[in-house]
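Spelled out, the chains give:
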Amino acid sequence: MAVITIDGPAGAGKSTIAKELAKSLGFTYLDTGAMYRAVALAAKRRGISADDEAALDAMLEGIRLGFEDGRILLDGEDVSGQIRTRQIDFMSSDVSRHPVVRRHLTRLQRALAQGGNIVAEGRDMGTVVFPNADVKFYLTASPEVRAKRRQEQLALTGVNVPFDKILEEIKARDRADSSRKEAPLKRPEKSIKIDTSDLTIEEVFGMLLTQIKNLIG
Ligand code: DC
């Protein structure tokens, strides 16, 4: 069993790279951001505030999260599209502050990884969930580059938002994810840091693959 972790802020290119890597290595891709997003969506549907830790705790016992063919399932329903809205961007960051939510999802993430080869992507993969991972990466990029990428991604779904607004949102989410008490976003010890600002996806992919071959053959 081998575990590769990829952490970093929103828009650093983690998802695209993690997906590609998993495919090329024949590993399972674990998108942990999608799990926090699905919890946020479940709360939104029930009218539960992202601040209400007790209600979130009670809710978690009654929902089922899982993956099937790369899609995220909430109680058996494919919600992969519904979790990619700007409202869920924020709400997922908010629900992820609570220790009860983190503990629940950490347990689930370790169970999903049990016995398999995985590429795990998120904010606390190399620091908290899989501290003994075989290879750890920390991908980053300037806030401007990340905002541009996010703007392009949203445009593809027909949502056009001014650049400055997206930049502000990216910075706000960085602050929230990095300053929370429980499992804040930070560079994991012994991780390989790559700034993707001036690199193409292919270049980043090549760099990661080389490192993986060197470290685990
Ligand atoms: O990677 P993403 O943008 O889909 O993640 C959505 C939010 O979920 C992010 O703002 C913080 C939270 N998250 C987390 O706290 N820990 C993770 N391992 C993954 C995501």
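See above for the structure.
The sections below set out a description of the structure shown in this document. Here the structure is a predicted model, which is why all the values come from computation and not from measurement.

### Remarks on the overall build of the protein chain
In terms of helices and strands, the protein chain carries nine helices and eight strands. What you see for the protein chain is a C-alpha radius of gyration of 17 Å, in line with the 17 Å of a compact globule of 217 residues. Along the first, second and third principal axes, the C-alpha set of the protein chain runs to 50 × 45 × 30 Å. When each of the 217 residues of the protein chain is scored for burial, the buried share is 49%. Considering only contacts within the protein chain whose residues lie at least 6 apart along the sequence, 76% involve residues at least 24 apart. Taken as a whole, the protein chain presents about 10700 Å² of accessible surface, with 50% of it coming from carbon and sulfur. Separation of charge centres in the protein chain, based on 33 positive and 31 negative side chains, amounts to 2 Å.

### Notes on the pairing of strand β1 (residues 3–7)
For β1, the buried fraction is high: five of the five residues fall into the buried class. Residues Val3, Thr5 and Asp7 line one face of β1 and the alternating positions Ile4 and Ile6 line the opposite face, and both faces are buried. Bridge count between β1 and strand β6 (residues 118–122): five bridges; the pairing is parallel. Bridge assignment links valine 3 to a residue of β6, and that residue is isoleucine 118.

### Focus: the packing of helix α2 (residues 32–46) against helix α3 (residues 53–61)
Closest axis-to-axis distance for the α2/α3 pair is 11 Å, and the angle between their directions is 105 degrees. Our classification of the angle between α2 and α3 gives roughly perpendicular. Residues Val39, Ala42, Ala43 and Arg46 of α2 lie in contact with α3, whose contacting residues are Leu56, Met59 and Leu60. Tallied by class, residues from the contact of α2 with α3 come to six nonpolar, no polar and one charged.

The rules behind these values
- Residues numbered from 1 in each chain as written.
- Predicted model: local features only at pLDDT ≥ 70, side-chain atom pairs only at ≥ 80, totals over all residues.
- Heavy atoms only, no water.
- Helix = DSSP H or I, 4+ residues; strand = E, 2+ residues; numbered from the N terminus.
- Rg over C-alpha atoms; globule rule 2.2 N^0.38 Å.
- Buried < 20%, exposed > 50% of the residue type's maximum accessible area, 1.4 Å probe, protein only.
- Contact = heavy atoms within 4.5 Å.
- Areas by Shrake-Rupley, 256 points an atom, 1.4 Å probe, with all protein chains shown as cover.
- Lys, Arg positive; Asp, Glu negative; His and termini not counted.
- Charge placed at Lys NZ, Arg CZ, Asp CG, Glu CD.
- Pairing = 2+ DSSP bridges.
- Axes fitted to C-alpha atoms, helices over the stretch in contact; angles between N-to-C directions.
- Parallel < 35°, antiparallel > 145°, perpendicular 65-115°, else oblique.
- Nonpolar A, V, L, I, M, F, W, Y, C, P; charged D, E, K, R; others polar.

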